[in-house]
Amino acid sequence: MGVSRRRLLALGGLLAAAPVLAQTPKLHRVGILTSLPSMPYAVHLEQLRKGLRELGYIEGRNLTIEARYADGKLERLPALASELGALPLDVLVTAGSYVTRVARKQTRDVPIVMAFAGDPVGGGFADSLSRPGGRITGLTTLSTQLGAKRLEILRQVLPKLHDVALLWNPDVPERAIQLHDTQAAAKTLRLALHPFEARRVAEIEPALEALSSKRPDALIVLGDALLDANLRTITTFAKKNRLVVVHQSRNGAELGALFSYGPSFRQMHYRAATYVDKILKGAKPADLPIEQPTRFELIVNLRTAKALGVTVPQSVLVRADEVIR
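Residues numbered from 1 in each chain as written. Predicted model: local features only at pLDDT ≥ 70, side-chain atom pairs only at ≥ 80, totals over all residues. Heavy atoms only, no water.

## A closer look at the pairing of strand β7 (residues 192–197)
Note: strand β6 (residues 163–168) against β7, six bridges, orientation parallel. In the strand pairing of β7, alanine 165 is matched with histidine 194. Regarding the hand of the β-α-β motif, the stretch spanning β6, helix α6 (residues 173–188) and β7 is right-handed. (Pairing = 2+ DSSP bridges. Helix = DSSP H or I, 4+ residues; strand = E, 2+ residues; numbered from the N terminus. Right-handed = clockwise from strand over helix to strand, strands pointing away.)

If you want it as structure tokens, here you go:
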């Protein structure tokens, strides 16, 4: 009887524990890959974390995030992508077209969510925006008229604007679309646009020296993994040479560009959480439409304007989402 009683008590204990065991949440593993150092990327990652928290994913409980940073050294990205690909990831989040291209090459089966990218179709990531058709989905920065908007704002700030230099990386297919958009806008506005190329870190400063010698009225930087990771070098050069710089993201204005205009990368990371959630719940990236930006932000740096002796008109300031003073 004693043995039977012990068996019954043991069985009762297992049955009592069963609901607790059944409620143990599954641990999801999400990878992050960026060309930026951890500090500049932190504000974007926090927005992704915020979105995931609101959807019920708590780090240490049902979520583990594996982040890898190239620290501005693009040559490190393949090894970092391979490192992430070797982990049992459920989803990999990428920041930028170049990073996405590397991640696709270095990983095999893991679904990829682009927190942001240029032209996913033109860049070969997707069959179409409405039906990507592969293992990559997410958000695109692609939007018509961004080049025109930047030039229009620039002309409001610099009424005598005529010659505009443009720094870009021709090795990124999506940038060619932005260049064409900006060239068309410059022609309409009767502005002279002078493109300068930089494919590697070693080419950035020579390109800056070359364009500076042309004495342009302003410089537009078409951001990509290379130029964004070395944006401080660009803005430091511009400050030294009293050159007006325009960038596409908030980070550019924060580092000293006169203004930035483009999609909110923070908002796009926040939105990327919804894609991660859907994939973790069983959706296939091939069936999730790629989202185009709906929010654009204008950030004006009045400290830079003062240093350059530029007066930003009230018509621009009232439109700004943020003014850095």
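What follows picks up the thread again.
## A short note on the environment of arginine 104
Tracing the chain through its elements places arginine 104 in helix α4 (residues 97–106). Along the backbone, arginine 104 and valine 245 are 141 residues apart, and their C-alpha atoms lie at a distance of 33 Å. The contact partners of arginine 104, leaving out residues within four places of it in the chain, are Ile112, Gly124, Phe125, Arg135 and Ile136. Among the polar contacts listed, one links the side chain of arginine 104 to the backbone oxygen of glycine 124, at a separation of 2.7 Å. (Contact = heavy atoms within 4.5 Å. Polar contact = N/O pair within 3.5 Å; in protein donor to acceptor, adjacent residues only side chain to side chain.)

## Some details on the sheet that holds strand β1 (residues 28–34)
The strand order across the open sheet built from five strands is β2-β1-β3-β4-β5, with neighbouring strands paired in parallel fashion. The sheet terminates laterally at β2 (63–69) and β5 (136–138), the two strands that pair on one side only. With strand direction ignored, the average angle separating the axes of adjacent strands in the sheet is 25°. Pairing of β1 with β2, which is carried by seven bridges, proceeds in the parallel orientation. Directly across from arginine 29, in β2, lies its bridge partner threonine 64. Those strands touched by helix α11 (residues 265–280) are β1, β3 (91–95), β4 (112–116) and β5, and its axis lies near 165° from that of β4. (Axes fitted to C-alpha atoms, helices over the stretch in contact; angles between N-to-C directions.)

## Structural notes on helix α3 (residues 77–85)
Of the positions making up α3, those classed as buried are Leu77, Leu80, Ala81 and Leu84. In an axial view of α3, the angular spread of the buried residues amounts to 100°, which keeps them on one side of the axis. (Buried < 20%, exposed > 50% of the residue type's maximum accessible area, 1.4 Å probe, protein only. Arc of directions from axis to C-beta.)

## Considerations on the pattern of salt bridges
Taken as a whole and assessed by the stated rule, the structure comprises 15 salt bridges. For arginine 68, the salt bridge identified is with glutamate 83, shortest N-O distance 2.6 Å. Residue arginine 68 is located in strand β2, and its partner glutamate 83 is located in helix α3; the two are separated by 15 residues in the primary sequence. Overall, glutamate 83 belongs to the partly exposed group, its relative accessible area being 38%. As a salt-bridge pair, arginine 266 and glutamate 254 come within 3.3 Å of each other at their nearest N and O atoms. Separated by twelve residues along the polypeptide, arginine 266 in helix α11 and glutamate 254 in helix α10 (residues 250–254) bring together distant segments of the chain. Each of Arg29, Glu66, Arg68 and Glu83 takes part in a single network of salt bridges with overlapping partners. (Salt bridge = Lys/Arg side-chain N within 4 Å of Asp/Glu carboxyl O.)

## What about the packing of α3 against α4?
At their nearest, the axes of α3 and α4 sit 9 Å apart, and the two run at 55° to each other. Judged by the inter-axis angle, α3 sits oblique to α4. The chirality of how α3 crosses α4 is right-handed. Of the residues in α4, those touching α3 at Leu77, Pro78, Ala81 and Ser82 are Tyr98, Val99, Val102, Ala103 and Gln106. Among the residues making up the contact of α3 with α4, the classes are represented as seven nonpolar, two polar and no charged. (Parallel < 35°, antiparallel > 145°, perpendicular 65-115°, else oblique. Left-handed = near helix turned anticlockwise from the far one by under 90°. Nonpolar A, V, L, I, M, F, W, Y, C, P; charged D, E, K, R; others polar.)

## Quick notes on unusual backbone geometry
A positive phi angle is found at arginine 190, which is not glycine, with a value near 60°. One can find arginine 190 in the loop between α6 and β7. For arginine 242, which is not glycine, the phi dihedral falls at a positive 50°. Relative to the elements of secondary structure, arginine 242 occurs in the loop between α9 (231–240) and β9 (245–247). Assessed through its relative accessible area of 53%, arginine 242 is described here as exposed.

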